[in-house]
Amino acid sequence: MLLCMKQKTITPRSVDFPQWYQDVIARAQGLYDESPVTGCMTFGPLSTSLWQNIREFVDARLQHMGVENIMLPMLIPDSFFKREKAHIEGFAPEVAVVTHAGGAALPEPYCVRPTSELLFVDWFGRGGRVQSHRDLPLLVNQWCSVLRWEKRPRAFLRTAEFHWQEGHCLFATLEDCRAFTLAILDLYAQLCEDILAIPVVKGDKPAHEVFPGAIGTYTIESMMQDGKALQMGTSHMLSQNFLKQPDGKALVSFLDADGSTQIPFYDSWAVTTRLLGALIMAHGDDDGIVLPPAIAPTQVAILPVFGANDDENESVAKAAQALAQAIAQHTSPFAHRSKNTDKAQIYRLHGRSDWFLEAQGDIAVRIDMRKDARIGDKTFHQIHSGTPLRIEIGARDLREGVCILKSRMRSREEAESVSLESAPARVAAMLVEDQKTLFTRALALRKKRTVTPASYAELKEALDTGHWAEIAWDGRGETVEKLKRDTSGGTYRCFPFDAPSDAGALTDIVSGKTSAFEKKIIVGKAY
């Protein structure tokens, strides 16, 4: 089982971080459900909306970069995998194979896609799509799910089936390929830092962490609250061997400007739904998940306080809906969420007027219309759901022309009384303030927990206490295995792009040998 859904209380992060992670997922309504399929999970309305918001942000920017979306089959002929040995070696243990269909054995087994390089290469070579250098670059992407038979699943972080986008592009020159591959990494960094409020380190993966069959992998790495690293996204420089048959014959080729036959340069890149796990682990607190305003499906929850007087309750309900529309129509503080609408409509969730209403405009607002729910129940529902901002309004507030604003990431007791007229502007300002604060907190944690140890003993202690370390590395596989063994899972994450070239003459404190690289590498335990 991925996690126990019967959990009633939230374990403090300081007591048991892995258990805390499971608890907050279980308490957030609509985030997660178990599945009858081993290793798989059901994405609820909340997690699905989060992924849709990520998709909308990324997809719009991919289109601006000239990338087009396509959709390929989910099944890959087994012969394709056998053709690409380097590829299958990396994925063979995780591949699910379909051998029967329609009540009979298939002439050839099909693999459920763990990734789609092989199908993209087949598509590149069909229909004379690439013949000349004028046909390049060819920039395509698909949004889909993939299946990798995970033996130790963990909600959002490692599940047998997960959702992602995978881009695959061809270029006439190595320089163009590298430039675009890095531009994609910049896009992923923008998503993580500006939208998810999670700081990243951009860098090169060490050779043993490079995508199977690739010549290089660029990565963005982030630190979670327990000090462990999470790979947030990758962009790969794939070998031209992906575009060749085993005998060396080109599967895809083009004529360059001089009329010579060339094989294109190939890259691929992806982010996945593990970003949802990152959101939880980077920002959550002991009350539950905390969603950055820029990505939250519901940015503001209005909680009407109903009493025993039906006339007052009707007035409060009308005021709550008017306030929701006013806030939704206010200019979004986040440009990517702007809908350019001057009229926000009120919708009934599941068609029920006595449950939740929504106003979808530049700012996403939800009204909790449940009359049988106490204000405390409404409050904790939104807290556990990570909603950035709550607004309480009752009959007394209405008589005074005010409403009460409360932020998810600030103290639970902290409240701000504002006039109904000024509420939309103050809401927009608070959303921006909280977005910046979440990023600043996460960045401060990473800086505090990144160290430069002077000895192997200090390195081991750092990793055992939830820190990253910057060290010189001798480049040997034996050293990688030694660190992993001695620290119960320490890993070599990446060479940061912005790291100084000052490690060439240093000694690797793990092995005692001279550094093989000019830059230090980040090491740490990881998910």
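All of the points below concern the structure found in this document. (Residues numbered from 1 in each chain as written. Predicted model: local features only at pLDDT ≥ 70, side-chain atom pairs only at ≥ 80, totals over all residues. Heavy atoms only, no water.)

1. Overview of the packing of aromatic side chains
Just so we agree on the cut-off: Under the pairing criterion, centres of Phe, Tyr and Trp rings, with the six-membered ring standing for Trp, must be within 6.5 Å; the plane angle then separates stacked pairs below 30 degrees from edge-to-face pairs above 60, leaving the rest tilted. A run of DSSP states H or I qualifies as a helix once it reaches four residues; a run of E qualifies as a strand once it reaches two. Both are numbered from the N-terminal end. Residue exposure (1.4 Å probe, protein chains only): buried if accessible area is under 20% of the type maximum, exposed if over 50%, otherwise partly exposed.
Scanning the model with the defined rule gives 17 aromatic pairs in all. Here the aromatic rings of Trp473 and Tyr492 are separated by 4.9 Å at their centres, their planes lie at 35°, and the arrangement is tilted. Residue Trp473 is found in the loop between β23 (468–471) and α13 (477–486), and its partner Tyr492 is found in strand β24 (residues 491–496); the two are separated by 19 residues along the sequence. Overall, Trp473 belongs to the buried group, its relative accessible area being 4%. Centroid distance Trp473 to Phe517: 5.3 Å. Interplanar angle 25°. Geometry classified as stacked. A residue pair is termed long-range when its members are at least 10 positions apart, and Trp473 in the loop between β23 and α13 and Phe517 in the loop between β24 and β25 (521–524) qualify at 44 residues. Residue Phe517 is classed as partly exposed on the basis of its relative accessible area, which comes to 30%. A network of ring pairs unites the aromatic residues Phe120, Trp123, Phe124, Phe242 and Tyr266 as a single cluster.

2. Some thoughts on unusual backbone geometry
The peptide bond linking Leu136 to Pro137 adopts the cis configuration, its omega dihedral lying at 5°. Here Pro137 is to be found in the loop between α5 (117–124) and β7 (138–147). Here Ala197, not a glycine, exhibits a phi torsion of approximately 60°, which is positive. Here Ala197 is to be found in the loop between α6 (174–195) and β9 (201–204).

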